[in-house]
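# Geometric and topological summary
If you want the building blocks of each chain, they are given just below.
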Amino acid sequence: MLPVDLPDTVRDALLAPLVDHHCHGVRRDDLSRAQFELLINAGGCPAPPGTTHFDAPIGAAIRRWCAPVLDLEPHTAPAVYLARRAELGADEVNRRLLRAAGVGAFLVDTGMEGAELLTAAELARHGDAAANEVVSIEQIEHDVAEMAQLALDYMDSLAEELTARAARAVGMATVIGYRCGLDFDPSRPSRGAVIAAANRRLSDPKEPLTDPILLRYLLWTAVDVARERGLPVQFHAGFGDPDHGFHPGPQRTDPARMTTFVKALQPIGVPVVLLHCYPFHRQAAYLAGVFPHVYVDVGLALTYSAAGSARIMDELLELVPFHKQLFGSGCHGVAETGHLGALYFRRALAATLKSRLDAGEWSAADAARVAHMIGSGNARRVYRL
Ligand SMILES: [Zn+2]
């Protein structure tokens, strides 16, 4: 599975169980080809007529690496792969792919939760792993908005619900970057502005929240809870999960855009975890390098760049402190994304470590230690697992 020869200690460290610090549920039902193709595309849209999402790096990767897990030859045709998937059934496919990922613990963002997605406990059972919850603050807001009658109820319930849900979670996650951009005003909004915005919100509570005032209010309320409970806050940045929608444009999801906000959290002591980040992973590495409370992964970028993932890993490791990088598959929708996230993480890190060993820059002991830190140790420390 690893693309290069490595000393045994390094190899063992790379193949040790991972902590996947950011993943979502996968579908429990059998999928049509159209449904499957939608779930392997970061935009969540069908391929143009006459084309297929299998003709993308992730499609080639599924045929190469997921096919053998379903007892098929590598590089099998998409139709054969999907026929075998249907023959085995979603339950068995999920079990095989998640188990083969070699993950010891899943930290599951339950923001996309729906009856058709496996819960955190089910992911754990299928993957033969432990699981913990990372609460989606926008999902909590959505639940509160549907129940509240008045702006003041809405504000009180938001704080209560965030506190209650955080009590059984290891972290909180936000998609503010995809809803209004990471260049949001970093200050706390005034109470008057929040009440006015909440009244507008309660007249149309079913829509996902996009109002920048309420998104900032929600985020700051979550930061207060995170501070109290010692929880990290995960920020989706750059190339990310398709289901969140409303992408404001790539340049507005550059994590460097929220540098002033990041600085404001430094004295508060709430860890900021930057997810995915591509193509801004160098900016993310820079932030993690200069701020003691910032952490980073390249999540989905490895799965979706597949054969090209080693370059991205190498670029991140140009600068990021080794104690600041985490592994997250960004798994969502189909178990293939969880399997490939772990696989390309290991392959990309193996290639990066190999180049440093060959150049005589690192010892084998250094490389093994760094592989353990990034693969699981840093997450265990940051999330206090
Ligand atoms: Zn996510």
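Whatever comes next refers back to the structure up there.
The paragraphs below set out a description of the structure included in this document. (Residues numbered from 1 in each chain as written. Predicted model: local features only at pLDDT ≥ 70, side-chain atom pairs only at ≥ 80, totals over all residues. Heavy atoms only, no water.)

### Some remarks on unusual backbone geometry
Selection rule: Elements are defined by DSSP. Helices are runs of H or I of four residues or more, strands are runs of E of two residues or more, and each kind is numbered from the N terminus. Relative accessibility thresholds used throughout: buried, under 20% of the residue-type maximum; exposed, over 50%; partly exposed, between the two (1.4 Å probe, protein chains only).
The omega torsion across Y278 and P279 is 0°, close enough to zero to call that bond cis. Turning to its location among the elements, P279 is positioned in the loop between β6 (272-276) and α13 (281-290). Its identity as a non-glycine residue notwithstanding, D71 has a phi of 70°, on the positive side. Relative to the assigned elements, D71 resides in the loop between α3 (57-66) and α4 (78-88). Under the relative-accessibility criterion, D71 is labelled exposed at 53%.

### A short note on the packing of helix α10 (residues 191-202) against helix α11 (residues 212-229)
Relative orientation and spacing of two packed helices are given, respectively, by the angle between their axes and the distance between those axes. Condition: Every angle, taken between N-to-C directions, lies between 0 and 180 degrees, and every axis is a line fitted to C-alpha atoms, over only the stretch in contact when it is a helix. Any angle that is under 35 degrees is reported as roughly parallel, and any over 145 degrees as roughly antiparallel; angles of 65 to 115 degrees are reported as roughly perpendicular and all others as oblique. Two helices that cross are described as forming a left-handed crossing if the nearer one is turned anticlockwise from the farther one by less than a right angle, and a right-handed crossing if clockwise. Two residues qualify as a contact provided that any one of their heavy atoms is within 4.5 Å of a heavy atom in the partner residue.
Running from N to C, α10 and α11 point in directions that differ by 115°, and their axes come no closer than 9 Å. Here α10 lies roughly perpendicular to α11, going by the angle between them. Considering only the axes of α10 and α11, their crossing is left-handed. Residues A193, V194, A197, A198, R200 and R201 of α10 lie in contact with α11, whose contacting residues are I213, L214 and Y217.

### Some details on the nonpolar core
One broad trend across soluble globular proteins is that nonpolar side chains are buried collectively. Stated formally: Nonpolar cores are built from buried Ala, Val, Leu, Ile, Met, Phe, Trp, Tyr and Cys residues. Side-chain atoms within 4.5 Å join them into one set.
Judged by nonpolar contacts, the single largest core of 119 residues is most densely connected at Y81, Y154 and M172. Beyond its immediate chain neighbours, meaning those up to four positions away, Y154 contacts E141, V144, A145, A148, A198, R201, L202 and L214. Core analysis: the second largest hydrophobic core is formed by 13 residues, V134, V170, L275 and L326 among them.

### Let's talk about the packing of α4 against helix α5 (residues 90-100)
Our working rule: Following the grouping adopted for this structure description, the nonpolar residues are Ala, Val, Leu, Ile, Met, Phe, Trp, Tyr, Cys and Pro, the charged ones are Asp, Glu, Lys and Arg, and the polar ones are all others, Gly among them.
At a minimum axis separation of 6 Å, α4 and α5 run at an interaxial angle of 110°. As far as their axial angle goes, α5 and α4 are roughly perpendicular. Contacts from Y81, R84, R85 and L88 of α4 reach α5 at E92, V93, R96 and L97. Of the residues that constitute the contact of α4 with α5, the class distribution is 4 nonpolar, no polar and 4 charged.

### Comments concerning the sheet that holds strand β3 (residues 130-136)
Which entries qualify depends on this criterion: Pairing between strands is defined by DSSP: at least two bridges between them are needed.
If you walk across this open sheet you meet the 7 strands as β1-β2-β3-β4-β5-β6-β7, and the pairing is parallel. Sheet topology places β1 (18-23) and β7 (294-296) at the edges, where each strand pairs with a single neighbour. With direction set aside, neighbouring strand axes in the sheet form an average angle of 25°. Here β6 runs beside β7; their pairing, made up of 3 bridges, is parallel. For L274, the partnering residue across the bridge sits in β7 and is V296. Of the strands in this sheet, β4 (171-174) and β5 (233-237) are in contact with α11, which crosses β4 at around 165°. Contacting β6 and β7, α13 crosses the sheet at an angle of about 145° to β7.

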